[in-house]
Amino acid sequence: MPVTSKSYERLSQNVGMLHASTNIGVIQSAGKLYLIDSLDTDDAAEDILSALDSLFPGLPVAAVLNTHSHADHVGGNAYIVQATGAQVWATRAAQKSIEYPELQSTLIWGAKPFNRLLTPFYKAQPSHVDRFLDEEPTAFENVGIKVISLPGHYADETGILVHDASDGKTLFFLGDALFGTEMLSKYWIPFMTDPALFRDSVEKIENTHADLYIPSHGSVHTENTIHEIAELNKMVTLETETLIRNTLKKGPLSAEELLKQVADYAEIKLGLGQFLLIGSTLRSFLSSMNNRGLVSYDFEDNRMLWYAK
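I will try to describe carefully the structure that is included in this document. Only a predicted model underlies this, so the values are computations on that prediction, with no experimental measurement involved. (Residues numbered from 1 in each chain as written. Predicted model: local features only at pLDDT ≥ 70, side-chain atom pairs only at ≥ 80, totals over all residues. Heavy atoms only, no water.)

Quick look at the overall build of the protein
Phase 1: A count of helical and extended segments in the protein gives 10 helices and 14 strands.
Phase 2: Against the globule reference of 19 Å for 309 residues, the protein gives a C-alpha radius of gyration of 20 Å, in line with a compact fold.
Phase 3: Projected onto its principal axes, the C-alpha coordinates of the protein cover approximately 65 × 45 × 35 Å.
Phase 4: When the 309 residues of the protein are sorted by exposure, 50% land in the buried category.
Phase 5: In the protein, once contacts between residues fewer than 6 apart in sequence are set aside, the share between residues at least 24 apart is 64%.
Phase 6: For the protein, the exposed area adds up to about 14300 Å²; of that, 50% sits on carbon and sulfur atoms. (Helix = DSSP H or I, 4+ residues; strand = E, 2+ residues; numbered from the N terminus. Rg over C-alpha atoms; globule rule 2.2 N^0.38 Å. Buried < 20%, exposed > 50% of the residue type's maximum accessible area, 1.4 Å probe, protein only. Contact = heavy atoms within 4.5 Å. Areas by Shrake-Rupley, 256 points an atom, 1.4 Å probe, with all protein chains shown as cover.)

Structure below.
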């Protein structure tokens, strides 16, 4: 569903969001607009700008603040920069993948990606990072922000805590550090690079005061509901670890054989995207579990096999 002016929800006096496949934060300050993330394609970015023009006529977009460097969060950067002259702000860790987005496809494939992995779903258009959010203090008129590292889903995952001095409300834009129930139900094993760090980040979210918590994929939560969805996010990772251990207890498997066993168990029919994203995530689980002494590996007949300890 394309973003329109009807997609907008006001969260505080100067802060709102555009509901989309990836929710977009909108900060209004001193006659300018600042966006949190930018969706995935030029067409989506054009829809964002059209909606903003209807909602805030005459107010220019000054910058896009990226929570992390995945394509569905930074893919609209280049179009917005070209159309408006806006800057891109991100952490230093995110800069590398935002400016050289082929790194995303290389990570999930483990080698130089083939052409199918260079489409917008995997690889965003490159954009230049003008300012490092984690190194340069940022304050707007009537609005203050704090950048909070939330690794686990991805190494450069960042939360943006926004305090609106006009009405005293605090909004926590979470990126993909926490997923909504629909996302968890649909994908079951969401992409992540370190499940242990992901759980730590979810706990950090729970312990950070805010009036509203806004995941990039899912509904807005309050202090009354954040703990329930946080526990669900942690539970999903723990259930996946249990499934991996129980599967490997039956006998050693290669990472690809483990992927087939998990997909069969969950009745998932693997296509290219799920094969790569779930496969990469399971290898991340194996790395994390190996570091914690829960699984190990050996080589047999030139095969790397994983087993439960």
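Having seen it, we continue.
Some remarks on the packing of aromatic side chains
Phase 1: Overall, the coordinates contain 11 aromatic pairs when judged by the stated rule.
Phase 2: For the pair Y8 and F56, a centre-to-centre distance of 5.6 Å together with 85 degrees between the ring planes defines the contact as edge-to-face. One end of the pair, Y8, is in strand β1 (residues 8-10); the other, F56, is in the loop between α1 (42-55) and β5 (61-65), and 48 residues separate them in sequence.
Phase 3: Seen in terms of ring centroids, F172 and Y213 are 6.2 Å apart; in terms of plane orientation they differ by 50 degrees. Their pairing is tilted. Note that F172 is positioned in strand β11 (residues 169-175) and Y213 in strand β12 (residues 212-215), a separation of 41 residues in sequence. There is no split in this pair, since F172 and Y213 are both buried. (Phe/Tyr/Trp six-rings, centres within 6.5 Å; stacked < 30°, edge-to-face > 60°.)

Examining the sheet that holds strand β3 (residues 24-29)
Phase 1: Spatially, β1-β2-β3-β4-β5-β6-β7 is the arrangement adopted by the 7 strands of the open sheet, whose pairing is mixed. Single-partner strands in this sheet number two, and they are β1 and β7 (131-132).
Phase 2: Looking at chain direction, β1 and strand β2 (residues 15-18) are connected through 3 bridges and run antiparallel. In the sheet register, R10 faces β2, and the bridge partner there is G16.
Phase 3: Running at roughly 140 degrees to β2, α1 makes contact with β1, β2, β3, β4 (32-36) and β5 of the sheet. (Pairing = 2+ DSSP bridges. Axes fitted to C-alpha atoms, helices over the stretch in contact; angles between N-to-C directions.)

Side note on the environment of L238
Phase 1: Counting through the fold element by element, L238 comes out in helix α8 (residues 226-249).
Phase 2: On the accessibility criterion, L238 (43% relative accessible area) is partly exposed.

A word on helix α5 (residues 102-109)
Phase 1: Here α5 has its buried residues at Q104, S105 and I108. Viewed along the axis of α5, the buried residues span an arc of 95 degrees, placing them on a single side of the element.
Phase 2: Buried residues along α5 sit in contact with α4 (92-99) and α10 (272-291).
Phase 3: With its phi angle positive at about 85 degrees, G110 sits one or two positions after the end of α5. (Arc of directions from axis to C-beta.)

Thoughts on unusual backbone geometry
Phase 1: Residue L39 is not a glycine yet carries a positive backbone phi of 65 degrees.
Phase 2: For L39, the position within the fold is in the loop between β4 and α1.
Phase 3: Using a relative accessible area of 4% as the deciding quantity, one classes L39 as buried.
Phase 4: Of note in this structure, N302 is not a glycine but carries a positive phi near 60 degrees.

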